[in-house]
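# Descriptive structure summary
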Amino acid sequence: MKYIDEYRNKEIIFYIAERIRKISKKDISLMEVCGGHTAAIHKFGIPLLLPENIKLLSGPGCPVCVTSRKFIDKAVHIQDIII
């Protein structure tokens, strides 16, 4: 994958995290909308890199992540009846 090494370079990651700590003065809340985003953020330890004034909030989830298979099956069935 192109650029993957740059995303896994600890020196660059720690440099960026330090810059974020130095320039962030206000309290900030960021919402992860998708459960996949939340899983990746925690898998790679991003919350540990952020200063205390930056909060990550888990959102409602994207429609694919939060909709049950049973609900989708019913919707497909209804759609088949209508069309």
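Preceding this paragraph is the structure being described.
Residues numbered from 1 in each chain as written. Predicted model: local features only at pLDDT ≥ 70, side-chain atom pairs only at ≥ 80, totals over all residues. Heavy atoms only, no water.

### Remarks on the side chain of serine 24
Among the structural elements, serine 24 can be located in the loop between α2 (10-23) and β1 (28-32). Relative accessible area serves as the criterion here: at 15%, serine 24 is assigned to the buried category. In this structure the side chain of serine 24 is engaged in a polar contact, spanning 2.7 Å, whose partner is the backbone oxygen of isoleucine 20. Each residue touching serine 24, except ones within four places of it in the same chain, is listed here: Pro51, Asn53 and Ile54. (Helix = DSSP H or I, 4+ residues; strand = E, 2+ residues; numbered from the N terminus. Buried < 20%, exposed > 50% of the residue type's maximum accessible area, 1.4 Å probe, protein only. Polar contact = N/O pair within 3.5 Å; in protein donor to acceptor, adjacent residues only side chain to side chain. Contact = heavy atoms within 4.5 Å.)

### Details of the pattern of salt bridges
Taken as a whole and judged by the stated rule, the model has 1 salt bridge. A salt bridge links arginine 21 to glutamate 18; the shortest N-O distance between them is 3.1 Å. Residue arginine 21 and its partner glutamate 18 are located together in helix α2, separated by 3 residues, close to a single helical turn. You can call arginine 21 partly exposed: its relative accessible area is 34%. Owing to a relative accessible area of 36%, glutamate 18 belongs among the partly exposed residues under this scheme. (Salt bridge = Lys/Arg side-chain N within 4 Å of Asp/Glu carboxyl O.)

These figures capture arrangement, not role.
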